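Structural characterization, general
Read off the chains here:
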Amino acid sequence: MEGKSGTSADDAFIISGKTGDNFIYNAIIDLSEGGDETGSLIFRADADAENGYMANIDALNDKVKIVKMEDGNRTVLVPKPQ
C-alpha cells in the first residue's frame, strides 16, 4: 500500500485515501529542516482528521505523544516521557 508524502511551513495534514486492515505503519519523518521540529502520523482517522489518533513526535522537547482526536478536540492518551 503506497501512502503520501509532503511538507508544510504551517500546521497541516497530508492524508492518503488508502485504507487497509492489519498493516504495519512505517514512516520516515525528517525533522532536520528547522522550524518547530515536530511531526505526526495520523491513523484510524476520517478524511478531515477531525476524528482518529495521532502519534506526535516533538524533537525540540524530546517527547512523543499518542493523541485521540474527537470532533476536532485533542486528548493526550500517552505522553512519553511522563
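It should be noted that the structure appears before, not after, this text.
Summarised in this report is the structure supplied together with it. (Residues numbered from 1 in each chain as written. Predicted model: local features only at pLDDT ≥ 70, side-chain atom pairs only at ≥ 80, totals over all residues. Heavy atoms only, no water.)

Some points on the overall build of the chain
Operational definition: Only DSSP runs of H or I covering at least 4 residues are called helices, and only runs of E covering at least 2 are called strands; the numbering of each starts at the N terminus. Burial classification: accessible surface area is computed with a 1.4 Å probe over protein chains only, and a residue below 20% of its type maximum counts as buried, one above 50% as exposed, and the rest as partly exposed. The contact criterion used throughout is that any non-hydrogen atoms of two residues lie within 4.5 Å. All accessible-area figures derive from a Shrake-Rupley calculation using a 1.4 Å probe, and residue coverage is judged against the displayed protein chains alone.
Helices and strands together make up the secondary structure of the chain, namely zero helices and four strands. Ordered by position in the sequence, the α and β elements of the chain form the string β-β-β-β. Counting the 82 residues in the chain, one finds 12% classified as buried. Sequence separation of 24 or more characterises 12% of the internal contacts of the chain that already satisfy a separation of 6 or more. Counting only carbon and sulfur atoms, one obtains 45% of the accessible surface of the chain, whose full area is about 6,700 Å².

Thoughts on the side chain of Asp58
Threshold: The positive count covers Lys and Arg only, the negative count covers Asp and Glu only, and His and the chain ends enter neither. Salt bridges are defined by distance alone: a side-chain nitrogen of Lys or Arg within 4 Å of a carboxyl oxygen of Asp or Glu. N or O atoms within 3.5 Å of each other form a polar contact, as long as, within protein, one can give a hydrogen and the other can take it, and as long as residues adjacent in sequence are counted only when both atoms are side-chain atoms.
Here Asp58 is to be found in strand β2 (residues 52–58). The side chain of Asp58 sits in the buried core without any salt bridge; Lys65 is the nearest counter-charge, 5.5 Å away. Polar contacts involving the side chain of Asp58 include one to the main-chain amide nitrogen of Leu60, which spans 3.2 Å. Excluding anything up to four places from it in sequence, Asp58 contacts Glu37, Thr38 and Lys63.

Remarks on the packing of aromatic side chains
This is how it is decided: Pairs were defined over the aromatic rings of Phe, Tyr and Trp, the Trp ring being its six-membered one, requiring ring centres within 6.5 Å. Orientation was assigned from the angle between planes: stacked under 30 degrees, edge-to-face over 60, tilted for the rest.
All told, the structure shown has one aromatic pair when counted by the stated rule. Ring plane angle 20° and centroid distance 5.9 Å describe the contact between Phe43 and Tyr53, whose orientation is recorded as stacked. Separated by ten residues along the polypeptide, Phe43 in strand β1 (residues 38–43) and Tyr53 in strand β2 bring together distant segments of the chain. We classify Phe43 as partly exposed; its relative accessible area is 28%. Assessed through its relative accessible area of 25%, Tyr53 is described here as partly exposed.

Quick notes on a negative patch on the surface
Keep this limit in mind: Here, patches come from residues exposed beyond 30% relative accessible area and free of salt bridges, joined within 9 Å for like charges and within 5 Å for nonpolar side chains (Val, Leu, Ile, Met, Phe, Trp, Tyr). Note on charges: their place is set at NZ of Lys, CZ of Arg, CG of Asp or CD of Glu.
A contiguous patch of negative charge, built from Asp48, Glu50, Glu70 and Asp71, is present on the exposed surface. Within the secondary structure, Asp71 is located in the loop between β3 (63–70) and β4 (73–80).

Examining unusual backbone geometry
The backbone phi angle of Arg44 is positive, close to 50°, even though this residue is not glycine. Relative to the assigned elements, Arg44 resides in the loop between β1 and β2. The residue Asp71 is not glycine, and still its phi comes out positive at about 50°.

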